[in-house]
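Structural description and commentary
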Amino acid sequence: MIYEKIRLRALEPEDLELLYEWENNEFYWIMSNTISPFSRYTLKRYLKNSHKTVFETGQLRLMIEINSDKITIGTIDIFDFDHFHGRAGIGILIADESHRRQGYASMAVKCLTGYCFKTLQLHQVYCNILGNNKESLDLFTKVGFTQTGIKKEWVKTADGYLDEHMFQMLNPLA
């Protein structure tokens, strides 16, 4: 899927080392509710099964690639896919800070929400963002998500608890 300067593509076996690096970066764990590292073995199994559809697994991970130089800069996910209720969660990671605040995340979210609404025919998509993640709060507001709630002191950290903000976007095509 191509959107302006980026492409969302399926996982490839060659992505193993990037995924291993990103999934084992403790800085990202708080955002993904991870509390332990992933082995290469586990990630290889995940890659091996990545050909299954979102209808089979309830999730879909795509790699974000810059069109001009084919550099993979992050991932974007569909999770908690619920076909019956027509909804799914989305999450995004732009791994390298030098690629942040350049519009790539906005392009990726717009591309993925278009796929969710047009192809998967979902009624809505949502995301949960920690209160200290200003970049993501700004991103999802900018691309048209509406904040619909705050879960107070939802996530425990070494420094105390953080609020988690819930954002939703309803399908404008419905």
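Attention here is on the structure that accompanies the text. (Residues numbered from 1 in each chain as written. Predicted model: local features only at pLDDT ≥ 70, side-chain atom pairs only at ≥ 80, totals over all residues. Heavy atoms only, no water.)

Next up on the list: the nonpolar core. Core analysis: the largest hydrophobic core is formed by 36 residues, its most contacted members being Leu8, Ile78, Leu112, Phe140 and Phe145. With ten residues, helix α5 (residues 104–119) is the single largest residue contributor to this core. For Phe140, the residues in contact, after removing those within four places along its chain, are Ile90, Ile92, Val109, Cys127, Ile129, Phe145 and Phe167. The next biggest cluster of nonpolar side chains, apart from the first, holds nine residues, and it includes Leu16, Leu43, Met63 and Leu93. (Core = buried A, V, L, I, M, F, W, Y, C linked by side-chain atoms within 4.5 Å. Buried < 20%, exposed > 50% of the residue type's maximum accessible area, 1.4 Å probe, protein only. Helix = DSSP H or I, 4+ residues; strand = E, 2+ residues; numbered from the N terminus. Contact = heavy atoms within 4.5 Å.)

Summed over all chains, the structure comprises eleven salt bridges. Arg9 is the partner of Glu65 in a salt bridge, and the nearest nitrogen-oxygen pair spans 2.9 Å. Here the residue Glu65 occupies a position in strand β3 (residues 60–66), and Arg9 occupies one in strand β2 (residues 6–9), the gap between them amounting to 56 residues. Across the pair Arg100 and Glu135 runs a salt bridge, and its minimum N-O distance is 3.9 Å. A residue pair is termed long-range when its members are at least 10 positions apart, and Arg100 in the loop between β5 (87–94) and α5 and Glu135 in helix α6 (residues 134–142) qualify at 35 residues. With a relative accessible area of 19%, Arg100 lands in the buried category. One salt-bridge network, held together by shared partners, links Arg7, Arg9, Asp15 and Glu65. (Salt bridge = Lys/Arg side-chain N within 4 Å of Asp/Glu carboxyl O.)

Along α6, the residues classified as buried are Ser136, Leu137, Leu139 and Phe140. Summarising the axial view, the buried residues of α6 lie within an arc of 165°, below the 170-degree limit, and thus occupy one face. Residues of α6 that are exposed and angled more than 90 degrees away from the buried face: Lys134 and Lys142. Structurally, α6 contributes buried residues whose contacts are with β5, α5, β6 (124–130) and β8 (160–170). Gly144, located one to two residues past α6, shows a positive phi value of around 110°. (Arc of directions from axis to C-beta.)

With mixed pairing, eight strands are arranged side by side in an open sheet as β1-β2-β3-β4-β5-β6-β8-β7. This sheet does not close on itself; its edge strands, each paired only once, are β1 (2–3) and β7 (146–157). The pairing of β5 with β6 spans three bridges and is parallel. Counted as the bridge partner of Arg87 is Gln124 from β6. Across the sheet, helix α1 (residues 16–23) lies against β3, β4 (71–82) and β5, angled at about 70° from β4, the strand it touches most. (Pairing = 2+ DSSP bridges. Axes fitted to C-alpha atoms, helices over the stretch in contact; angles between N-to-C directions.)

Another aspect to go through is the environment of Lys118. Mapped onto the elements of the fold, Lys118 is located in helix α5. The exposure class assigned to Lys118 is exposed, which follows from its relative accessible area of 58%. Spatially, the C-alpha atom of Lys118 lies 7.8 Å from that of Leu173, the residues being 55 residues apart in sequence.

Worth remembering: the numbers are spatial, not functional.
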